[in-house]
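This is what each chain is made of:
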Amino acid sequence: MNNPGKVTLVGAGPGDPDLLTLKAVKAIRAATVLLVDDLVSAEVLAYAQPDARVVHVGKRGGCKSTPQAFIEKLMLMAASEGENVVRLKGGDPFIFGRGGEEVERLRATGIAVEVVNGITSGLAAATSLGVPLTHREHAHGVVFVTGHAQPGATGPDWKQLAATARDARLTLVIYMGVRGAGRIESELLAGGLPASTPVAVIQHVSLPEQRHAVTTLGQLQATIARDGLASPSVIVVGDVICGVAAAAAPAVRARTA
């Protein structure tokens, strides 16, 4: 490589452009090539320069996605040509964004890489309902966990997570869990979380079309089916949901702009 460029992994946040960090905006504006995930909103992408090359490399749970190896190849090729590459990801690159894998691959080939954090959808989802993920009276900590296992993998041990959440008073924030909600519900119950445990499901976090439902663990799957909630959604499980969200929300409510 005669004149290697650089790659910046940028967290675009949950979708609302007002939730971008200043550092993220600067990186997007400076990019000559942007590799953009499917969940990144057009309003976020509007910060890119008009002459920047934008390549959409869709990544959405449950849908056909651009192979990860091909995305990494595109990054390497563009950087080797001297481009200032931004890999623009929904949420945060290091929270279920495969950012760790991409950093390892880039550094192994000598490409300079930087990571710019973004607001992860699990945090924004709870905040949109006025709910803190930790609260001295309700939760001593929070666990971010994926509900989508890799092919051939068993996925999280939901029974153990339930026992730990119950005993340590933790909030569970589940990404990509809608399709497996039935199993998640039954195994969390089997692990010792009460059926009355408050749960919120938030779809399209931070966007004008945001919807949510507040329910209980024992009614999680039934609520998702009844209200037609789908991906991308975040499921928040724990006593922090009681109070503000439960009192403020009907079964499903669209976020007001």
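Quick look at the structure, then. Predicted model only: the values in this text are computed from it and were never measured.

Next up on the list: the overall build of the protein. Helix and strand content of the protein: nine helices and eleven strands. Scored against the burial criterion, the 257 residues of the protein give a buried share of 46%. Total accessible area on the protein is roughly 12300 Å²; 54% of this is exposed by carbon and sulfur atoms.

Our next topic: the pattern of salt bridges. Tallied over the entire structure, the rule returns ten salt bridges. A salt bridge links arginine 87 to aspartate 37, with the shortest nitrogen-to-oxygen separation between them at 2.9 Å. Pair noted here: arginine 87 is in strand S4 (residues 84-89) and aspartate 37 is in the loop between strand S2 (33-36) and helix H2 (42-45), with a separation of 50 residues, a long-range link. Within this structure, Asp37, Arg87, Lys89 and Glu102 form a network of salt bridges that share partners.

Examined against the element boundaries, alanine 149 turns out to sit in the loop between strand S6 (141-146) and helix H6 (158-168). In this structure, the C-alpha to C-alpha distance between alanine 149 and methionine 176, residues 27 residues apart in sequence, is 9.4 Å.

Moving on, we come to the packing of helix H7 (residues 181-190) against helix H8 (residues 220-227). Orientation of H7 relative to H8, taken along the N-to-C sense of each, is 155°, at an axis distance of 8 Å. Regarding the angle of H7 to H8, the classification is roughly antiparallel. Judged by residue contacts, Ala181, Gly182 and Glu185 of H7 engage Leu220, Gln221 and Ile224 from H8. Among the residues forming the contact of H7 with H8, the class breakdown is three nonpolar, two polar and one charged.

For the rest of this paragraph, the subject is the packing of aromatic side chains. Under the definition given, this model contains two aromatic pairs. Every member of this aromatic cluster is reached through a ring pair, and the members are Phe96, Phe144 and Tyr175.

In this structure, the second largest pocket occupies an estimated 200 Å³ of space. Taken together, 15 residues make up the lining of the second largest pocket; nearest its centre are Ala165, Arg166, Leu193, Thr197 and Asp239. Elements supplying a minimum of two residues to the lining of the second largest pocket: H6 and strand S7 (170-175). A per-element tally of the lining of the second largest pocket places S7 first, with three residues. In the lining of the second largest pocket, the residues fall into seven nonpolar, five polar and three charged.

What follows covers the sheet that holds S4. Taken together, five strands build an open sheet; the order of strands is S3-S2-S4-S1-S5 and the sheet is parallel. Of all the strands in the sheet, the pair left with one neighbour each is strand S3 (53-56) and strand S5 (112-116). The sheet shows a mean angle of 20° between the axes of neighbouring strands, taken without regard to direction. Pairing geometry for strand S1 (residues 6-11) and S4, over six bridges, is parallel. Directly across from threonine 8, in S4, lies its bridge partner valine 86. Against the sheet, helix H1 (residues 22-30) contacts S1, S2, S4 and S5, and its axis sits at roughly 135° relative to S1. Most of the contacts of helix H4 (residues 99-108) go to S1, to which it runs at about 170°, and overall it touches S1, S4 and S5.

Here we come to the packing of H6 against H7. It is the contact of H6 with H7, at a shortest axis distance of 7 Å, that shows an interaxial angle of 55°. The angle between the axes of H6 and H7 places the two elements in the oblique class. Relative to H7, the crossing made by H6 is right-handed. Seen from H6, the contacting residues are Trp158, Lys159 and Ala162; seen from H7, they are Arg183, Ile184, Glu187, Leu188 and Ala190.

Further remarks concern the side chain of aspartate 92. Tracing the chain through its elements places aspartate 92 in the loop between S4 and H4. Although aspartate 92 is buried, it makes no salt bridge; lysine 89 carries the closest opposite charge, 9.5 Å away. Of the polar contacts made by the side chain of aspartate 92, one reaches the backbone nitrogen of phenylalanine 94; its length is 2.7 Å. Excluding its chain neighbours within four sequence positions, the residues that come into contact with aspartate 92 are Gly11, Gly97, Asn117, Gly118, Ile119 and Thr120.

Below, the discussion takes up helix H5 (residues 121-128). Among all positions of H5, only Ser121, Gly122, Ala124, Ala125 and Ala126 are buried. Looking at the buried side of H5, the elements it contacts are S6, S7, strand S8 (198-203) and strand S10 (233-237). Looking one or two places after H5, you find glycine 130, whose phi comes out positive at around 75°.

About the criteria used
- Position numbers for residues start from 1 in each chain and track the written sequence from start to end.
- For a predicted model such as this one, the threshold for reporting local features is a pLDDT of at least 70, and the threshold for listing and counting side-chain atom pairs is 80 or more; totals across whole chains, interfaces and linings nevertheless cover every residue.
- Hydrogens and water are ignored here; the side-chain numbers use all heavy atoms of the structure.
- Going along the chain from the N terminus, every DSSP run of H or I of four or more residues is numbered as a helix, and every run of E of two or more is numbered as a strand.
- Think of it in three bands: residues with accessible area under 20% of the maximum for their type are buried, residues over 50% are exposed, and the middle band is partly exposed, with areas taken using a 1.4 Å probe on protein chains only.
- For every accessible area listed, the method is Shrake-Rupley and the probe measures 1.4 Å; residues are considered covered only by the protein chains on display.
- Here, a salt bridge means any Lys or Arg side-chain nitrogen found within 4 Å of an Asp or Glu carboxyl oxygen.
- Only the stretch in contact is used when fitting a helix axis, every axis being a line fitted to C-alpha atoms; angles between N-to-C directions are given from 0 to 180 degrees.
- Throughout, the term roughly parallel applies to angles under 35 degrees, roughly antiparallel to angles over 145, roughly perpendicular to angles from 65 to 115, and oblique to all others.
- By the convention used here, residues are in contact when the closest approach between their heavy atoms is within 4.5 Å.
- Amino acid classes used here: Ala, Val, Leu, Ile, Met, Phe, Trp, Tyr, Cys and Pro are nonpolar; Asp, Glu, Lys and Arg are charged; the rest, including Gly, are polar.
- Each Phe, Tyr or Trp ring (for Trp, its six-membered ring) is paired with any other whose centre lies within 6.5 Å, and the angle between the two planes then decides the class: stacked below 30 degrees, edge-to-face above 60, tilted in between.
- Buried and open spaces are told apart on a 1 Å grid over the protein atoms alone, a cavity being a set of points where a 1.4 Å probe fits but cannot get out and a pocket being an open set with protein on both sides within 12 Å along at least five of seven lines. Residues with an atom within 4 Å of a point are the lining residues.
- Grid points are joined across faces, edges and corners, and a volume is the space filled by probe spheres set on the points.
- Here, a strand pair is defined by DSSP locating no fewer than two bridges between the strands.
- Two helices that cross are described as forming a left-handed crossing if the nearer one is turned anticlockwise from the farther one by less than a right angle, and a right-handed crossing if clockwise.
- Positive charge is attributed to Lys and Arg, negative charge to Asp and Glu, and no charge count is given to His or to the chain ends.
- In protein, a polar contact requires one atom able to donate a hydrogen and another able to accept it; more generally it is a pair of N or O atoms within 3.5 Å, and residues adjacent in sequence count only if both atoms are side-chain atoms.

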